[in-house]
Amino acid sequence: MIIHINILVHAVFQQIAAGDHAHTLESQLGVQLDRTVIALDNGIEDQNAVAQLLCLFQRVAHQSLADLHATHFRRNGIAGVGVVTASAHVVGVQDVQPKCDRAILSRAITLVESNAAAHFETAQQVIQKLLPYTGKSTRVGITGVPGAGKSTFIEALGTNLCRGGHKVAVLAVDPSSTVTKGSILGDKTRMEQLSREPNAFIRPSPSGGTLGGLTRKSRETLLLCEAAGYDTILVETVGVGQSETTVRSMVDFFLLVVLTGAGDELQGMKKGVMELADAIVVNKADGDNKQRAMITRAEYERILQFLRQATENWTTHAYTCSAYTGAGIMELWNDVIEAFMKQGWGNGVLAERRKQQTLSWVYTMLKNICIICFIVRQPLLAAKKRSSVK
C-alpha cells in the first residue's frame, strides 16, 4: 500500500517539478503519507497526521494552481485579488458555538466548495486548523429514490431533535443540470419548520456533476459543521438508484428511505445500496397507503434475510414511518439509530469505520492532487513548451 502511494507521489512530482522546492516537497509528502497510512493501519485515527498531510497537499496543489493563475493574469493583464485570511474563517466558525452565527459557517463552506484558484490555499488552511475540533457528532446518511420523501423526513426528524436539545446540521445535495450546469437547491424550501429552528443549520449544495449522490466537498463540509458544534449531521443525497453509495464512506449510520410499489423481491435483492443500509424505512405510511406500507416492510424484511450484515454485529431491519404525520420518526431515532451508535462505540465497530473513512479521505485527497497536477497544469506546461520553442 505504502509503496504504491510513494510511486504515485513520485509520478506526480515528475510532472510538476519546476524548481529546487519540488524534491523537498516530494520527500515531505512521501514521509507524511507513510506516517498517516501506518497510523491508520494500526488503528490510530490521528487527526494531527491527517492535518499535516492536508497541509502538504495544499502546498503542492497551491503551487500548481498559483503558477497557472499567475500565468493567466499576466497574459491578460489582470491584477491579483486578495482573499479573507484563514484565521478569520476559523474564528468565525468556532464562534458559531456560543453565538449561533450560521452566516459565518455558510461563508466558510462556500470558500471550501469554491473551485477558484485564489480560494484554494485559504480553504485548505481552514480545514487543517479545524480538524482537531471534529469527530464528535452523530453522522447519519439518508438516501433513497427521487420522491421518497427524504427532505420531509429530515424536516420531521430534525425539528424533533432540535426541540429535544440537539444541534442539527443538514447537508442536502441537489442535482445539477447537465445542460445549464445550474441547480435549483430546492431541498431547503421543503424544510420550512426546521429552517426556523435556532439550533438547526441547513446547507443545500449542487452536485456539480459529481457521481455517487454527493458533492466533491461533502466530507469537508461535514467537518466544518462538526467544528461549529453541531452534534447531529444529517446528510441527504440526491435521488439515487442502485449504485450511488458514496455517502456510506463518510457517515456512521446509513438509512435507506423507500416507497411502496418499488418493485418485486428480486429487484430488492440486487446488490448495491440495499446491502449497505443499516436500516430501511418505508415512508408515507399514512392514510390509505398505510396497509401497503406494512406489506412492503414485510417484503423488505424477507429480502434482508438473504443479504449479509452491512455493519458487524448489527442486523438490518425494515420499518415504517410517516414524515407527514410524524408517526414512527422518533421511534426510529430512539430505538434504532441511538441504539446503533451506543452499540457501535461500545464494541469498537464505529471507531474502525471512522478510521477506514479517514483513510479513504486520504486517498481521495491524493486523487484530487493528481488531477490538479496532471490536468490543471497541462495548459501551463504547454505554454512553457511553446515559449521555449520560440
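Residues numbered from 1 in each chain as written. Predicted model: local features only at pLDDT ≥ 70, side-chain atom pairs only at ≥ 80, totals over all residues. Heavy atoms only, no water.

## A closer look at the overall build of the chain
Counting its secondary structure elements, the chain contains 15 helices and 7 strands. The buried share of the chain, reckoned over its 390 residues, is 47%. In the structure as shown, the chain presents an accessible area of about 18,400 Å², 54% of it carried by carbon and sulfur atoms. (Helix = DSSP H or I, 4+ residues; strand = E, 2+ residues; numbered from the N terminus. Buried < 20%, exposed > 50% of the residue type's maximum accessible area, 1.4 Å probe, protein only. Areas by Shrake-Rupley, 256 points an atom, 1.4 Å probe, with all protein chains shown as cover.)

## Some points on the pattern of salt bridges
Tallied over the full model, the rule gives 9 salt bridges. Here Asp 278 ties to Arg 248 by a salt bridge, and the two come within 3.0 Å at their closest N and O atoms. Taken together, the positions of Asp 278 in the loop between helix H11 (265-269) and strand E6 (279-282) and Arg 248 in the loop between strand E4 (232-236) and strand E5 (253-258) put the pair 30 residues apart, joining distant regions of the chain. Comparing Asp 278 with Arg 248, the two get one shared label, buried. For the salt bridge of Arg 354 with Asp 252, the shortest nitrogen-to-oxygen distance reads 2.6 Å. Of this pair, Arg 354 sits in helix H14 (residues 349-376) while Asp 252 sits in the loop between E4 and E5, placing them 102 residues apart in sequence. Like Asp 252, Arg 354 is buried. (Salt bridge = Lys/Arg side-chain N within 4 Å of Asp/Glu carboxyl O.)

## A few points about the nonpolar core
Membership of the largest hydrophobic core comes to 49 residues, with the highest contact counts inside it found for Leu 105, Cys 225 and Ile 280. Beyond its immediate chain neighbours, meaning those up to four positions away, Ile 280 contacts Leu 255, Leu 256, Val 258, Met 274, Tyr 300, Leu 304, Thr 316, His 317, Ala 318 and Tyr 319. Membership of the second largest hydrophobic core comes to 32 residues, among which are Val 168, Val 170, Val 257 and Val 336. (Core = buried A, V, L, I, M, F, W, Y, C linked by side-chain atoms within 4.5 Å. Contact = heavy atoms within 4.5 Å.)

## Side note on the pairing of E5
Within E5, 6 of the 6 residues are buried, which leaves the element mostly enclosed by the surrounding structure. Bridge count between strand E1 (residues 138-144) and E5: 5 bridges; the pairing is parallel. Bridging from a neighbouring strand, Gly 144 pairs with Val 257 of E5. Where E5 meets E6, 4 bridges bridge the pair, whose relative direction is parallel. Looking at E6, one finds that Leu 256 is bridged to Ile 280. (Pairing = 2+ DSSP bridges.)

## Focus on the packing of aromatic side chains
Tallying each qualifying case throughout the model produces 3 aromatic pairs. Ring geometry for Phe 201 versus Tyr 230: centroids 6.0 Å apart, planes at 40°, classification tilted. With a gap of 29 residues between them, Phe 201 in strand E3 (residues 200-206) and Tyr 230 in the loop between helix H10 (218-227) and E4 connect regions that are remote in the sequence. With relative accessibility at 3%, the residue Phe 201 sits in the buried group. Judged by its relative accessible area of 3%, Tyr 230 is buried. Considering the side-chain rings of Trp 314 and Phe 340, the 5.1 Å spacing of their centres and the 90° angle between planes classify their relative orientation as edge-to-face. Note that Trp 314 is positioned in the loop between helix H12 (290-304) and strand E7 (318-320) and Phe 340 in helix H13 (residues 329-347), a separation of 26 residues in sequence. Overall, the relative accessible area of 10% leaves Trp 314 in the buried class. (Phe/Tyr/Trp six-rings, centres within 6.5 Å; stacked < 30°, edge-to-face > 60°.)

## Looking at the side chain of Glu 236
Here Glu 236 is to be found in strand E4. For the buried residue Glu 236, which engages in no salt bridge, the nearest side chain bearing the opposite charge is Lys 150, 4.8 Å off. Of note is the side chain of Glu 236, whose polar atom sits 2.9 Å from the side chain of Ser 151. The residues contacting Glu 236, other than those within four sequence positions of it, are Ile 142, Lys 150, Ser 151, Ile 154, Leu 171, Ala 172, Val 173, Asp 187 and Met 191. (Lys, Arg positive; Asp, Glu negative; His and termini not counted. Polar contact = N/O pair within 3.5 Å; in protein donor to acceptor, adjacent residues only side chain to side chain.)

## Description of empty space enclosed by the protein
Space left empty within the atom packing is revealed by a probe, the size of a water molecule, rolled over the atoms. Under the definition given, this model contains 6 cavities of 30 Å³ or more. Roughly 60 Å³ of volume is contained in the largest cavity. In terms of lining residues, the largest cavity is bounded by Glu 113, Leu 171, Ala 172, Val 173, Arg 203, Ser 205, Leu 214, Thr 215, Ser 218, Thr 221 and Val 235. Residue contributions to the lining of the largest cavity peak at 3 residues, all from strand E2 (residues 168-174). Grouping the amino acids of the lining of the largest cavity by side-chain chemistry returns 5 nonpolar, 4 polar and 2 charged. (1 Å grid on protein atoms, 1.4 Å probe; cavity = no way out; pocket = protein on both sides within 12 Å on 5 of 7 lines; lining within 4 Å. Points joined across faces, edges and corners; volume = space filled by probe spheres on them. Nonpolar A, V, L, I, M, F, W, Y, C, P; charged D, E, K, R; others polar.)

## Quick notes on H12
Taking 1.5 Å per residue, 15 residues should reach 21 Å; H12 reaches 21 Å between its end C-alpha atoms and fits that length. Within the span of H12, buried status applies to Ala 293, Thr 296, Tyr 300, Glu 301, Ile 303 and Leu 304. The buried residues of H12 occupy an angular sector of 160° when projected down its axis, which confines them to one face. (Expected span 1.5 Å × (residues − 1). Arc of directions from axis to C-beta.)

## Here's the deal with the sheet that holds E7
The strand order E3-E2-E4-E1-E5-E6-E7 describes an open sheet built from 7 strands, whose pairing is parallel. The strands lining the two open edges of the sheet, one partner per strand, are E3 and E7. In this sheet, neighbouring strand axes are inclined to one another by 20° on average, regardless of whether the strands run parallel or antiparallel. Relative to E3, E2 is paired through 7 bridges, and the arrangement is parallel. (Axes fitted to C-alpha atoms, helices over the stretch in contact; angles between N-to-C directions.)

## Some remarks on the pairing of E6
The alternating pattern of E6 places Ala 279 and Val 281 and Ile 280 and Val 282 on opposite faces, both of which are buried. Here 3 bridges tie E6 to E7, and the two strands are oriented parallel to one another. Across the sheet, the residue bridging to Val 281 is Tyr 319, located in E7. In the classification by handedness, the crossover that spans E6, the intervening H12 and the parallel E7 is right-handed. (Right-handed = clockwise from strand over helix to strand, strands pointing away.)

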